[in-house]
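Observations on chain architecture
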Amino acid sequence: EEEEVDNGGIVANATGTQRTDYSRWRLQDESGCQTWHYLQSDEEIKEWPQSVADKYFLGMDTGLPNLHPAKKPLEAAQNALSFFSHLQLPPGNWACEYGGPMFLLPGLVITWYVTETPIPEPYKIEIKNYLYARQNPKDGGWGLHIEGESSVFGTAMNYTTMRLLGASAEDPRLVKARGLLHQMGGAVNGPHWTKFWLSVLGVCQWDIVNPVPPELWLLPDWVPISPWRWWIHMRQVFLPMSFVYSKRWSYPLTDLTRQLRDELFTQPYESIDFLAHRNSISPRDNYYPKTWLLNTLNWVLVNIWNPYLRTNSLVQRAENWVWWLIQAEDKNTNFSNLGPVNGPMNMLCCFIKEGPDSYSVREHRKTLQEFLWMKGEGMLMNGTNGVQSWDTSFLIQATVEAGFATDPKWKPMLTKALEFLDHQQIREECEDQHKCYRQQRKGAWAFSTKKQGYTVSDCTSEGLKAVMMLQEIPGYPELVSEERQKDAIDVLLTMQNASGGCASYEPQRGPEYMEYLNAAEVFGRIMVEYDYPECTTAVVTALSMFTKHFPEYRKDEIFAFKARAVNYIRKAQRSDGSWYGSWGICFTYAGMFALESLASVGESYENSERVRLACKFFLDRQMEDGGWGETYKSCESGEYCQHERSQVVQTAWVCIALLEADYPDPEPIKMALRMIMGRQKSNGEWKQEAIEGVFNKSCMISYPNYKFIFPIKALGMFAKRYGNIDLM
Ligand code: LAN
């Protein structure tokens, strides 16, 4: 293949596919705000050398040395930590690709297009490369997530993205994708969010979009279905979406969008009855079909409410209130926004309301960069603006658990990590906290950064535990004071549901029957908060650890909280001994947490039927090579689905579970750890296997650092219990 050199190191192969020069990419991390930069001049390149972490993320050779082959668990853990320590970033945190969902880039790219935001050439090239790399080879489409089968959502949205980034409709890969899209009935069969984005782009007419009435925000707070009671991700997406819907704002037709009108449908654009397709949806996209209740409500909104009852003054009031809430979200997050869906949408609202060159639009343009990530396949959009606090907390805990924290070799690394958590603890409440329905947050940790600033029950717990674990070791500075630890506890104590369980960002605020109004079609369990064994366990263990240090602080409340929480864990166990996981795949993940909860109140294999049943559930599923492996189908179906190959991460989870349970026979755990050690590379790393995480039952998301964190923890726990014995 002939390669032609362009400026900026961009090359094109014979088929015209371009590629940037990977040695020019750099990840910048300023207090956890991560952005990727493509260096243009030789001078810049000299001044800002590429780090090992950059190279690793880009899939380049890191040059890290081969290590002494591990025979014992702690040797394997040391080797892993040696490798992983090189990936720590200057502020002290770890980072990684946080991809998986395939519906995020389209929202961003459509927003860029309609707000006429210039897209740097290297970004354009590498986003296309990523989407080509993730196109399903079988049928040419894209799914909801990287491992999912092709759907209209994935295919219509990513096809559109490709075209907006300059890919030709005649490119054989796009021809194939279009063929599949037509086979699935075209974009009219997409879910609600496809119809929304394509209407924004001016490729669909707004009649095809099921109602997103901003008026709902005028409901009094006591109404059980008031939006402030919904799961925060849904209400924060609904918010800007309702603003745009209310205005029926569309980008003026361009040559390109005119072409897309021809390409995305199976019949001529002019002949499509958009209103009639409101409820059209392909079976592949219809994970959670709309209920009769929602369909009726939509019918009333379209046929009665909108034409006859929706007065101008009502619309004005609703839009004003919604706009106020959008601004509050922007202000409270410094334009980071809660996530990758409402971020672009909020920017679009600012564009509509304040114009293309307003301060708000310019700020959004900047912060949206923080969602992008470069890897060997190209550029993708992360599920959050990073995994900073979460992964850093876990790494600290695994390292302490393995007994490495007292080793001078790891002290600088761990001190840096502690400094990071110190900086990232949220120190004050939001402005207008109650008016914008925000949960208490002073003392909390977010999943990513303090700037994003959203309390999460388990992120706060894991952050607090990591801090306490290090600070009690002589030689580590006390950075997070007693008072600030108590602030974290104050937040946690607000997070319990009536059931005793804990949810994610807030305690459950609305009734579970709200799920009848789930309009997204592609996701399950999204409308309100639920109980999660994972989150509940994290809070329980944080409270326990805290009580050891400060036995008197809010003693009775903590005691009662824990009792209720563990009771919930007991009740959530299924009759086969398992727990369903909501944020990791799936039973192996939740089981690890649940058994940790039970262990924390003294329930183990020896004294608890429940724990024995849980161990049996796992042992019945151990694979021949000693490992465990379940596929993402477990999350979708609610039944354990064996993977064809065992998985390092899930195997580590089960080892931890069995060790927490004090399972009496070490043999199955040894076998599992041998499998894990056997897969370790000579430089200490493990290679990426199947996807690890999930949200809303149907969408998977990658946690690439788990393949370091959990094996280190499992190996360390084993050595603590059985000694650092030869395993290989
Ligand atoms: C996350 C990521 C982290 C995750 C854990 C901390 C692991 C969990 O225990 C609690 C929930 C939380 C914070 C979580 C919630 C939902 C998120 C933010 C995500 C799975 C990452 C991406 C996802 C978000 C909803 C993606 C955007 C999609 C929409 C449907 C709005």
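Residues numbered from 1 in each chain as written. Predicted model: local features only at pLDDT ≥ 70, side-chain atom pairs only at ≥ 80, totals over all residues. Heavy atoms only, no water.

Named according to an unreviewed UniProt entry, the protein chain is Terpene cyclase/mutase family member originating from Lepidopterella palustris CBS 459.81.

Glancing now at the overall build of the protein chain. When helices and strands are counted, the protein chain shows 26 helices and eleven strands. In terms of its C-alpha atoms, the protein chain occupies a principal-axis envelope of roughly 75 × 65 × 45 Å. Looking at the protein chain as a whole, 66% of its 728 residues are labelled buried. Within the protein chain, residue pairs in contact and separated by at least 24 positions form 72% of the contacts whose partners lie at least 6 positions apart. Carbon and sulfur atoms form 51% of the exposed surface of the protein chain, whose accessible area is close to 26,700 Å². Of note, the protein chain has its 72 positive side-chain charges centred 3 Å away from the centre of its 88 negative side-chain charges. (Helix = DSSP H or I, 4+ residues; strand = E, 2+ residues; numbered from the N terminus. Buried < 20%, exposed > 50% of the residue type's maximum accessible area, 1.4 Å probe, protein only. Contact = heavy atoms within 4.5 Å. Areas by Shrake-Rupley, 256 points an atom, 1.4 Å probe, with all protein chains shown as cover. Lys, Arg positive; Asp, Glu negative; His and termini not counted. Charge placed at Lys NZ, Arg CZ, Asp CG, Glu CD.)

Scanning the model with the defined rule gives 52 aromatic pairs in all. Geometrically, the ring pair formed by W228 and Y437 is stacked, given 5.7 Å between the ring centres and 20 degrees between the ring planes. Here Y437 lies in the loop between α16 (411-424) and α17 (457-471) and W228 lies in the loop between α8 (192-201) and α9 (232-247), a separation of 209 residues in the sequence. Between the aromatic rings of F546 and Y553, the centroid separation amounts to 5.8 Å while the plane-to-plane angle is 75 degrees, which identifies the pairing as edge-to-face. For Y553, a relative accessible area of 22% corresponds to the partly exposed category. (Phe/Tyr/Trp six-rings, centres within 6.5 Å; stacked < 30°, edge-to-face > 60°.)

Okay, the layout of surface pockets next. Here the largest pocket defines a volume of roughly 590 Å³. Lining the largest pocket are 25 residues, and of these Y56, E97, K375, Q688 and K707 sit closest to its centre. Looking at the lining of the largest pocket, its residues break down into ten nonpolar, six polar and nine charged. (1 Å grid on protein atoms, 1.4 Å probe; cavity = no way out; pocket = protein on both sides within 12 Å on 5 of 7 lines; lining within 4 Å. Points joined across faces, edges and corners; volume = space filled by probe spheres on them. Nonpolar A, V, L, I, M, F, W, Y, C, P; charged D, E, K, R; others polar.)

Residues W299, V300, I304, Y308 and L309 make up a contiguous nonpolar surface patch of about 530 Å² in total accessible area. Relative accessible area serves as the criterion here: at 65%, Y308 is assigned to the exposed category. (Patch = residues over 30% accessible without salt bridge, like charges linked within 9 Å, V, L, I, M, F, W, Y side chains within 5 Å. Salt bridge = Lys/Arg side-chain N within 4 Å of Asp/Glu carboxyl O.)

What follows concerns the site of the ligand. Within the structure, the ligand sits among 24 residues, and Y98, H233, F447, D458 and W583 are positioned closest to it. One of the side-chain nitrogen or oxygen atoms of D458 is found 2.3 Å away from an oxygen atom of the ligand. Here the ligand has 630 Å² of accessible area as a free molecule, and 99% of this is covered by the chains. Using a 2 Å cut-off from the grid points, one finds that the ligand occupies the largest cavity. Secondary structure elements with two or more residues in the shell around the ligand: α9 and α17. The residue makeup of the shell around the ligand, split by class, is 18 nonpolar, five polar and one charged. (Near = heavy atom within 4 Å. Polar contact = N/O pair within 3.5 Å; in protein donor to acceptor, adjacent residues only side chain to side chain. Sits in = over half its atoms within 2 Å of the grid points.)

Glancing now at the pattern of salt bridges. Under the criterion given, the structure shown has 35 salt bridges. Across the salt bridge formed by E215 and R310, the nearest N and O atoms sit 2.9 Å from each other. In this pair, E215 is assigned in the loop between α8 and α9 and R310 in the loop between α11 (292-309) and α12 (312-332), connecting sequence segments 95 residues apart. The class of E215 is buried, set by a relative accessible area of 9%. Notably, a salt bridge pairs R554 with E557, separated by 2.5 Å at the nearest N-O pair. On the accessibility criterion, R554 (28% relative accessible area) is partly exposed.

Okay, the environment of V456 next. By the secondary structure assignment, V456 is in the loop between α16 and α17. C-alpha separation for the pair V456 and H192, spaced 264 residues apart in sequence, amounts to 28 Å. When sequence neighbours within four positions are dropped, the list of residues in contact with V456 reads W445, F447, M495, S504 and Y505.

Enumeration according to the criterion identifies eleven cavities of 30 Å³ or more in this entry. As for the largest cavity, its lining consists of 33 residues, of which W231, H233, Y505, W583 and F695 are closest to the centre. Listed by contribution, the elements that provide at least two residues to the lining of the largest cavity are α9, α17 and β10 (693-695). Per-element tally for the lining of the largest cavity: the top contributor is α9, with three residues.

As a further point, take the environment of A565. Mapped onto the secondary structure, A565 falls in helix α20 (residues 555-572). Spatially, the C-alpha atom of A565 lies 9.8 Å from that of A498, the residues being 67 residues apart in sequence. Excluding residues within four positions of it along the chain, A565 makes contact with Q496, G500, T536 and V540.

In this section: the nonpolar core. F103, V200, F265 and F523 are the most contacted members of the largest nonpolar core, which has 242 residues in total. It is helix α24 (residues 648-661) that contributes the most residues to this core, eleven residues altogether. When residues no more than four places from it in sequence are discounted, the contact partners of F523 are F103, L144, W193, Y287, Y288, N518, F695, N696, S698 and C699. (Core = buried A, V, L, I, M, F, W, Y, C linked by side-chain atoms within 4.5 Å.)

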